[in-house]
Amino acid sequence: MPSLPAGPQIEKLVQLLAKLPGLGPRSARRAALVLLKKREALLEPLGQAMREAAAAIRTCETCGNLDTVSPCSICRDPRRDPHLLCVVEDVADLWALERASVFKGRYHVLGGALSALDGVTPERLNVAPLAARVANGVGEVILAMNATVEGQTTAHYLVDVLANSSVKVTRLAHGVPVGGELDYLDEGTLSAAFRARREM
Ligand SMILES: [Zn+2]
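Keep in mind that this is a model prediction, so the values were computed, not measured.

**Some remarks on the packing of helix H2 (residues 25-37) against helix H3 (residues 39-56)**
Each pair of packed helices gets described by two things: the angle between the helix axes and the distance between those axes.
Piece 1. Close contact between H2 and H3 brings their axes to 6 Å; oriented N to C, the two are set at 115°. The angle between H2 and H3 falls in the class roughly perpendicular. Along its contact with H2, which presents Val34, Leu35, Leu36 and Lys37, the element H3 presents Arg39, Leu42, Leu43 and Leu46.
Piece 2. Looking at the contact of H2 with H3 residue by residue, the classes come out as six nonpolar, no polar and two charged.

As structure tokens, then:
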């Protein structure tokens, strides 16, 4: 790819922006140009915010969440039920559940899902500390994995890991999305929804 007519610093900025999710080389060039044109209003504050975030970010020693303190603000919050533990693959999933305000317990972030193809083994995930936490007074573990092959493989593995403890293990229901029409659902979703039907 021919270099930009703009010097190595700007070239590097574009290359780094292109690594962000949703940004290819073309959108990275456009984003860089917006930043360069708005040097005082955007480029400099963004650079400072990034430096501050890089200096402040911590991985929670208890649950694996990202915060500026460790233990994180969720693990420290006395209003959250320590007997309920929701296991998620990634911090993005924790953020999604927090946006929905449905869960008032604590989390455990695995840092990914098992994948033979990508070489992700249990040792590479935050699994061992989970068993220790569960042994320490947790009443229910909610497995909130993605409804993907990797997510469900991970959920089955965790059920085996937790089989020797007396903890109740549940998982999120799979089924018809809110606002979804049956005619548009794939067969897997439809059959999962049918199996998970409830009495009204
Ligand atoms: Zn935490």
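Structure shown, so let's carry the discussion forward.
**Let's talk about the coordination of the zinc ion**
Piece 1. Looking at the zinc ion, the protein donor atoms are Cys60 (SG), Cys63 (SG), Cys72 (SG) and Cys75 (SG), and they sit 2.3 Å from it.
Piece 2. Taken together, the four donor atoms coordinating the zinc ion span angles of 107 to 114° at the metal, a pattern that classifies the geometry as tetrahedral.

**Re the environment of Arg80**
Piece 1. On the secondary structure map, Arg80 appears in the loop between helix H4 (73-76) and strand E3 (81-88).
Piece 2. Dropping the residues within four chain positions of it, Arg80 is found in contact with Ile74, Glu98, Phe103, Lys104, Gly105, Arg106 and Tyr107.
Piece 3. A polar atom in the side chain of Arg80 sits 3.0 Å from the backbone oxygen of Phe103.

**Things to note about the nonpolar core**
Piece 1. Counting residues in hydrophobic clusters, the biggest one holds 17 residues, and the most contacted among them are Val87, Val134, Val141, Leu143, Met145 and Leu158.
Piece 2. It is helix H7 (residues 149-162) that contributes the most residues to this core, three residues altogether.
Piece 3. In this view, Met145 contacts Val87, Val88, Glu89, Leu110, Gly151, Gln152, Thr154, Ala155 and Leu158; residues no more than four positions away in its chain are not counted.
Piece 4. Cys86, Leu97, Phe103 and Tyr107 belong to the second largest nonpolar core, which has 15 residues in total.

**Let's talk about the layout of surface pockets**
Piece 1. Of the voids in this model, the largest pocket is the one considered here, and its volume is about 320 Å³.
Piece 2. Along the walls of the largest pocket sit 13 residues, with Lys12, Leu13, Leu16, Leu17 and Leu43 positioned nearest its centre.
Piece 3. Elements with a contribution of two residues or more to the lining of the largest pocket: helix H1 (8-17), H2 and H3.
Piece 4. It is H1 that contributes the most residues to the lining of the largest pocket, six residues altogether.
Piece 5. Among the residues making up the lining of the largest pocket, the classes are represented as ten nonpolar, two polar and one charged.

**Notes on the packing of H1 against H2**
Piece 1. In the contact formed by H1 and H2, the axes pass within 8 Å of each other and the chain directions differ by 125°. When the axes of H1 and H2 are compared, the pair comes out oblique. Crossing angle aside, the handedness with which H1 passes H2 is right-handed. Counted together, Ile10, Leu13, Val14 and Leu17 of H1 and Pro25, Ala28, Arg29, Ala31, Ala32, Leu35 and Leu36 of H2 form the full contact between these two elements.
Piece 2. Residue composition of the contact of H1 with H2, by class: ten nonpolar, no polar and one charged.

**Remarks on the pairing of strand E5 (residues 140-143)**
Piece 1. Of the two faces of E5, both are covered, the one formed by Glu140 and Ile142 as well as the one formed by Val141 and Leu143.
Piece 2. Two strands pair when backbone bridges link them, and E3 and E5 are joined in this way by four bridges, in the parallel orientation. Bridge pairing in E5 places Val87 opposite Leu143.
Piece 3. Alignment of E5 against strand E6 (residues 168-171), held across four bridges, turns out to be parallel. Of the residues in E6, the one forming a bridge with Leu143 is Arg171.

**Here's the deal with the pattern of salt bridges**
Side chains that differ in sign of charge can pair as their charged atoms come close.
Piece 1. Using the criterion set out here, one finds three salt bridges in the structure.
Piece 2. Across the pair Arg79 and Asp77 runs a salt bridge, and its minimum N-O distance is 3.1 Å.
Piece 3. Given the relative accessible area of 73%, Arg79 is considered exposed.
Piece 4. For Arg80, the salt bridge identified is with Glu98, shortest N-O distance 2.9 Å.

Reading guide: rules and limits
- Here, residues in each chain are numbered from 1, in the same order as that chain's written sequence.
- Totals for whole chains, interfaces and linings use every residue, but because this is a predicted model, local features are given only for residues with pLDDT of at least 70 and side-chain atom pairs only at 80 or more, for both listing and counting.
- Working from all heavy atoms in the structure, the side-chain values ignore hydrogens and water.
- In this description, a line fitted to the C-alpha atoms serves as the axis of each element, helices being fitted only across the stretch in contact, and the angle between N-to-C directions of two axes falls anywhere from 0 to 180 degrees.
- Secondary structure is summarised from DSSP: a helix means a run of H or I of at least four residues, a strand means a run of E of at least two, and numbering begins at the N terminus for each.
- Roughly parallel means an angle under 35 degrees; roughly antiparallel, over 145; roughly perpendicular, 65 to 115; everything else is oblique.
- Here, two residues are considered to be in contact whenever any of their heavy atoms come within 4.5 Å of each other.
- Side-chain classes are defined by residue name, with Ala, Val, Leu, Ile, Met, Phe, Trp, Tyr, Cys and Pro counting as nonpolar, Asp, Glu, Lys and Arg as charged, and the others, Gly among them, as polar.
- For Na, K and Ca the donor cut-off is 3.2 Å, while for other metals it is 2.8 Å, and in both cases only N, O and S atoms qualify; water is not among them, so sites may look incomplete.
- Site shape is set this way: if four donors have all angles between 85 and 135 degrees, tetrahedral; if opposite donors are over 155 degrees apart and all others between 65 and 115, square planar for four donors and octahedral for six; otherwise irregular.
- Think of a polar contact as two N or O atoms within 3.5 Å of one another; within protein, one of them needs to be a possible hydrogen donor and the other a possible acceptor, and neighboring residues in sequence only count if both atoms come from side chains.
- Here, nonpolar core means buried Ala, Val, Leu, Ile, Met, Phe, Trp, Tyr and Cys residues that are tied together by side-chain atoms lying within 4.5 Å of each other.
- Relative accessibility decides the category of a residue: with a 1.4 Å probe and only protein chains considered, values under 20% of the type maximum give buried, values over 50% give exposed, and everything between is partly exposed.
- Cavities and pockets are defined on a 1 Å grid built over the protein atoms alone: a cavity is a set of grid points where a 1.4 Å probe fits but cannot escape, while a pocket is an open set with protein on both sides within 12 Å along at least five of seven lines, and lining residues are those with an atom within 4 Å of any such point.
- Grid points are joined across faces, edges and corners, and a volume is the space filled by probe spheres set on the points.
- Crossing chirality is assigned from the near helix's rotation relative to the far helix, an anticlockwise turn below a right angle marking it left-handed and a clockwise turn marking it right-handed.
- Following DSSP output, two strands are said to pair if at least two bridges run between them.
- What makes a salt bridge here is a side-chain nitrogen of Lys or Arg within 4 Å of a carboxyl oxygen of Asp or Glu, nothing more.

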